[in-house]
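As a plain string of letters, each chain reads:
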Amino acid sequence: MLVSPLLGLPGNIMGHHRHAAGLAAALAIAVAGPAAAQSLTVGVGAPVTSIDPHYHQLSPNTAVAHMIFSGLTTTDGHARIVPDLAESWHAVDETTWEFKLRRGVRFHNGSEFTADDVAFTFDRVPKVPNSPSSYAIYTRPITRVEIVDSHTLRLHTAVPYPLMPTDLASVMILDRETHAAATTEGFNAGPMAIGTGPFRMVSHRNGDRIEFERNEGYFGTAPAWARVTYRMITNDPARTAALLAGDVDVIDQVPTSDLAKLRADQRLTLSETTGLRLIFLGLDHLSAEASPFVTDNEGKPVPRNPLRDPRVRRALSLMIDRGAITERVMEGAAIPAGQFLPEGSFGYAPGLAAPRQDAEAAKKLLAEAGFPQGFRMTLHGPNDRYPNDARIIQAIGQMWTRAGIRTAIEAQPWTTFVGRAAKQDFSAFLIGWGTSSGEASNPLRNLTATYDREKGYGASNRGRYSNPEADRILDAAMRELDDPKREALLQQATRIVFEDTGIIPVHIQKNAWAMRRGFAHDARADELTRAQDIRPAAAR
Amino acid sequence: MTVFLLRRLLQAAAVVLVMSLLVFLGVFAIGDPIEILISPEADQFERERAIKALGLDLPLWQQYLVFLGNALQGDLGRSFVFNEPALKLILERMPATLELAIGATVLALLIGLPLGLYAGLKPNGALSKGIMATSILGFSLPTFWVGLMLIMVFAVQLGWLPSTGRGETVTLLGTRWSFLTLDGLAHMAMPTLNLALFKISLVIRLTRAGVRETMLMDYVKFARAKGLSPARVTFVHVFKNILIPVVTVVGLEFGGTIAFSVVTESVFAWPGMGKLIIDSINVLDRPVMVAYLMMIVLLFITINLVVDITYSLLDPRVRLEGKS
């Protein structure tokens, strides 16, 4: 259970008129129990852009897809892979995965779910027209789909592919009979929004709200709500106000500045968990000579790029007081990070702790690297992407400046920032990475592996870090079907990357939801807000 | 009249063309839509596929020509984000915005005109001074702050009104409208007032200034001397004459409200066009941005036209033929 205890401080900022009403409502729910509390309204901070589960890979879309559809596998609140439409799976040989499917599952329209629907789904995924971000990356390793019987499936791959069960958690299964000619518009309009998930979609108004009703024939645990309204309230204060006014029961993406206030409010409860989003600094590894935003103390270009020296990178990392950032800038809504993932995740390297601030050691390292006088640098970052992003780079800029690296900071809108970062325009920049799969091969492949078009690695390696040793171990891990062996390899690769300070980890965000008293929520590490994770507090 | 209309139409076409070109160049200068839309986990192969799928692999001038060719056939392109026609998305959201904009304009006239008239007729009264002082607040308080304060007071503290959203709607002429249901009206109240606040102040000040100026005119003095009742002097002779600047400003403000009620719409989670355009800008959804701004240009040109026609009705001296 990850629901935080209510601090129970009396008195709140919002006045007392509604206080009594709120308590009365909470009591009514508590007394009447789950049977009476049948409808739920959720206020979410990010807009859902598509109901088509194969059109646009985006967290809010995934959350809604989890309510309407199901995958062969899925992830629990801690991002561990668990069965969904598949009951079990195992690797038959190096390049064949076998999935045993659940029997007796029906789509919302009564159509039966069989292995053929899975084959149809894998065929549709890469063919969805105009997709700005396709799910085909998860089905591409599959070279052949073999239907053994109506509820057994073999997936053949060209090379050993240990991530198959992990990847398939992202692919929602559709029905061949129903969806043979389905278009994205058909999903958005409603008629095609038919899956095997816990809820049926009743209506969808783009950018406004989605309404659901319970799928009485759901094969899993029946959700507590007969009706769910999923409202998109993108403005942070407005979302909080909607909760305080009782217009919505639960909100996600609670602004860090509101956390303390909401925690103290008797009418509310919070649910929190450590997330999977790492905030880190990327560094320019590409420029051998002058890095674009590094100069010496007189403002003249530095002939060699200091960021290519691991001692300099280590020094920069040691200058950061991560505790100050998580406690003061993030107001406790983050934990200091020393690697990609939080403890307990697959591939977490034990003992690789968040570096402690150590100005002396940093100074010594800089001197050893040939920069005893430091240098000047600009730290870039977005100002509208991550919680408090602009304030974090401000804090780091000050810490660096105090330690001898005179740092200017430049925060920009994400729209501008991300394009420039992708073109290696910066010397040092703040960015985030959400490991939705919850295991370490994902950031190792995307963030720190050598940029390699053929292998499809390092596509988000914006600083172009490259470490042949880490690449070699990662390659071995990606061929290793045995979980414990693979985890050991991933830990080893992670250690190499962070001991070399390929990127500078700052913190891992916590995810927070706030709800009216009388509601309870199982917080998810992957940030998804799904109605099936919410229930009346009295139940359980 | 025909020549006048024709010339306006040509002007409109030219402005629309320039606007579409500017947006194309603008989006290109800001950043790369693919970097924003694509899942960060996508590999190089997938990125290249997406760039191609959205037609972003062509040189910019070619993309623009493709767009122009389609636009001439009435196709303004499909949204990168929603994979639906941009025009359809905008038209779907339009009623929600129109409803607010019309509500706010009506409110501005209903409240602003009488108060302005009163303040103009009795410039030294305590009440008039109060009205004028309050109107300064209406001008100077930022919309997002007033919106949040309204929510805090009426939704959170008093619990009289719903905080956000559109409420119950009724389908009329194929679109959904909130103003026909009680619940819808309750949802509309705060965003409408929030949008209207600035306009009310504007109308008060314009009306007051107009009244004070007109009251000193010879024809008003003459009307009084003739023995007309004060009511007739005020409501016929003065009122008609002060309306011209009011109509101009309110007309333009109305256009501005439809096009750029972004702040109010996001504070109140009102699913109108303003929210659509700001969301589209955030993800560089170029087709929607282009279609939207082209529509806004057309809208402003239409409003200007209506304002000009209203002029000629209010003031016989203004002849449209004379202008053309």
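Residues numbered from 1 in each chain as written. Chains lettered and ligands numbered in written order. Predicted model: local features only at pLDDT ≥ 70, side-chain atom pairs only at ≥ 80, totals over all residues.

Chain B carries the name ABC transporter permease in an unreviewed UniProt entry, which gives Paeniroseomonas aquatica as its organism. Its UniProt record, at the heading Subcellular location (unreviewed entry), says of chain B: "Cell membrane". Listed in UniProt under the heading Sequence similarities (unreviewed entry), the comment for chain B reads: "Belongs to the binding-protein-dependent transport system permease family." (UniProt positions renumbered as here; feature names shortened; annotations may be inferred.)

A. Quick peek at the overall build of chain A. Along chain A, the regular secondary structure elements total 17 helices and 20 strands. For 540 residues, the compact-globule estimate of 2.2 N^0.38 gives 24 Å, and the C-alpha radius of gyration of chain A, at 25 Å, lies within 12% of that figure. Over its C-alpha atoms, taken along the principal directions, chain A stretches across nearly 70 × 65 × 40 Å. Sequence separation of at least 24 residues holds for 70% of the intrachain contacts in chain A that already meet a minimum separation of 6. (Helix = DSSP H or I, 4+ residues; strand = E, 2+ residues; numbered from the N terminus. Rg over C-alpha atoms; globule rule 2.2 N^0.38 Å. Contact = placed C-beta atoms within 7 Å.)

B. View of the overall build of chain B. The helix and strand tally for chain B stands at 14 helices and two strands. The principal-axis extent of the C-alpha atoms belonging to chain B is close to 85 × 55 × 35 Å. A separation threshold of at least 6 residues defines the contact pool for chain B, and within that pool the share at least 24 residues apart is 72%.

C. How the structure looks around the pairing of strand β8 (residues 199-205) of chain A. Residues and elements named next belong to chain A. Direction of pairing for β8 relative to strand β9 (residues 209-214): antiparallel, over a ladder of six bridges. Following the sheet pairing, Phe 199 is matched in β9 by Arg 214. The antiparallel pairing of β8 with β9 creates a hairpin that spans three residues between the two strands, and Gly 207 there sits at a positive phi of about 75°. (Pairing = 2+ DSSP bridges.)

D. Here's a closer look at the packing of helix α10 (residues 310-318) of chain A against helix α12 (residues 359-368) of chain A. Residue and element names in this part refer to chain A. It is at 8 Å that the axes of α10 and α12 come closest, and there the two elements cross at 160°. When the interaxial angle is binned, α10 and α12 end up roughly antiparallel. Both α10 and α12 take part in a crossing whose hand is left-handed. Mapping the contact onto sequence places Arg 311, Val 312, Arg 314, Ala 315 and Leu 318 in α10 and Ala 361, Ala 362, Leu 365, Leu 366 and Glu 368 in α12. (Axes fitted to C-alpha atoms, helices over the stretch in contact; angles between N-to-C directions. Parallel < 35°, antiparallel > 145°, perpendicular 65-115°, else oblique. Left-handed = near helix turned anticlockwise from the far one by under 90°.)

E. The UniProt feature "transmembrane region" (unreviewed entry) in chain B, seen in detail. Residue and element names in this part refer to chain B. What UniProt calls "transmembrane region" (unreviewed entry) maps, in this numbering, to residues 12-31, 100-121, 133-157, 177-198, 242-270 and 290-314. Within residues 242-270, the helical portion is 86% and the strand portion 0%, while the C-alpha atoms at the span's ends are 34 Å from each other. Here residues 290-314 is 100% helix and 0% strand, with 36 Å between the C-alpha atoms at its ends.

F. Layout of the interface of chain B and chain A. With 50 residues of chain B in contact, the opposing surface of chain A contributes 49 residues. Secondary-structure elements contributing two or more residues to the side of chain B that touches chain A are α2 (33-37), α3 (44-53), α7 (143-157), α11 (262-267) and α12 (273-282) of chain B. The dominant element in the side of chain B that touches chain A, judged by the number of residues it contributes, is α3 of chain B, at seven residues. Broken down by class, the residue content of the side of chain B that touches chain A amounts to 26 nonpolar, 11 polar and 13 charged. (Nonpolar A, V, L, I, M, F, W, Y, C, P; charged D, E, K, R; others polar.)

G. Just the pairing of strand β4 (residues 86-93) of chain A, in detail. All names here are of chain A. In this structure, β4 lies alongside strand β5 (residues 96-101), joined through six bridges in antiparallel fashion. Directly across from Ser 88, in β5, lies its bridge partner Lys 100. Taking the residues between adjacent antiparallel strands as the criterion, β4 and β5 are bridged by two residues.

H. Looking closely at the domain arrangement of chain B. All names here are of chain B. Per the domain assignment, the segments of chain B are domain 1 (2-72) and domain 2 (87-323). Each of domain 1 and domain 2 was reduced to a C-alpha centroid, and the two centroids are 33 Å apart. Taken together, the 16 residues of domain 1 in the interface contact 13 residues of domain 2. Going through the elements one at a time, α1 (2-30) and α2 are the ones with two or more residues in the side of domain 1 that touches domain 2. Broken down by element, the residue count for the side of domain 1 that touches domain 2 peaks at 12 residues, all from α1. Here the residues of the side of domain 1 that touches domain 2 are counted per class, giving 12 nonpolar, three polar and one charged. (Domains from an automatic or database assignment.)

I. Examining the environment of His 151 of chain A more closely. Residue and element names in this part refer to chain A. Relative to the elements of secondary structure, His 151 occurs in the loop between β6 (142-149) and β7 (152-157). Here His 151 falls in the buried class, since 20 other C-beta atoms lie within 10 Å of it. It is 11 Å that separates the C-alpha atoms of His 151 and Val 105, two residues lying 46 residues apart in sequence. Not counting chain neighbours up to four residues away, the residues in contact with His 151 comprise Lys 100, Leu 101, Arg 103, Thr 114 and Ala 115. (Buried ≥ 20, exposed ≤ 12 C-beta atoms within 10 Å, placed from the backbone.)

J. Representation of α12 of chain A within the structure. Residue and element names in this part refer to chain A. Those residues of α12 that fall on the buried side of the exposure criterion are Ala 362, Leu 365 and Leu 366. Down the axis of α12, the buried side of the element spans an arc of 100°, and every buried residue falls inside it. Along its buried surface, α12 packs onto α10. After α12 finishes, the residue Gly 370 shows a positive phi value of roughly 95°. (Arc of directions from axis to C-beta.)

K. Structural context of the sheet that holds β4 of chain A. All names here are of chain A. The four strands are arranged β4-β5-β7-β6 in an open sheet whose pairing can be described as antiparallel. The sheet is open, and its two borders are formed by β4 and β6, each paired with just one other strand. Across the sheet, the mean angle from the axis of one strand to that of its neighbour is 20°, orientation sign disregarded. Here helix α3 (residues 115-124) sits on the sheet and contacts β5, β6 and β7; the angle it forms with β6, its principal contact strand, is near 165°.

L. The nonpolar core, seen in detail. Ala 493 and Ala 514 of chain A together with Ala 291 of chain B are the most contacted members of the largest nonpolar core, which totals 223 residues. What Ala 291 of chain B contacts, discounting residues up to four positions off in sequence, is Leu 76, Gly 77, Ala 86, Leu 87 and Ile 90 of chain B. (Core = buried A, V, L, I, M, F, W, Y, C linked by C-beta atoms within 7 Å.)

M. Here's a closer look at unusual backbone geometry. Non-glycine residue Glu 527 of chain A carries a positive phi angle of around 75°. Classification of Glu 527 of chain A by C-beta neighbours within 10 Å gives buried; the count is 22.

N. Spatial organisation of the packing of helix α5 (residues 86-121) of chain B against α12 of chain B. Residues and elements named next belong to chain B. Packing of α5 against α12 brings their axes to within 7 Å, and their N-to-C directions diverge by 135°. It follows that α5 is oblique to α12 by the angle criterion. Along its contact with α5, which presents Leu 89, Ile 90, Arg 93, Met 94 and Thr 97, the element α12 presents Met 273, Gly 274 and Leu 276. In terms of residue class, the contact of α5 with α12 is made up of five nonpolar, two polar and one charged.

O. Structural view of the UniProt feature "domain: ABC transmembrane type-1" (unreviewed entry) in chain B. The sites that carry the UniProt feature "domain: ABC transmembrane type-1" (unreviewed entry) are, in the present numbering, residues 94-307 of chain B. The span residues 94-307 of chain B is 79% helix and 3% strand, and its two end C-alpha atoms sit 21 Å from each other.

P. The arrangement of α12 of chain B in detail. All names here are of chain B. Turning to α12, its buried residues number three or more, namely Met 273, Gly 274, Lys 275, Leu 276, Ile 277 and Ser 280. Contacts from the buried residues of α12 go to α5, α10 (230-260), α11 and α13 (286-314). Downstream of α12 by a residue or two, Leu 284 has a phi angle that is positive, lying close to 50°.

Q. Geometry of the confidence of the model for chain B. Per-residue confidence for chain B gives a mean pLDDT of 85; residues scoring 70 or more make up 98%. In the model output, the complex is listed with pTM 0.86 alongside ipTM 0.82. (pLDDT = per-residue confidence, 0-100.)

R. Summary view of the environment of Pro 237 of chain A. Residue and element names in this part refer to chain A. Within the secondary structure, Pro 237 is located in helix α8 (residues 236-244). Among the residues examined, Pro 237 registers 18 C-beta atoms within 10 Å and is labelled partly exposed. Pro 237 sits 252 residues away from Leu 489 along the chain, and the two C-alpha atoms are 45 Å apart.

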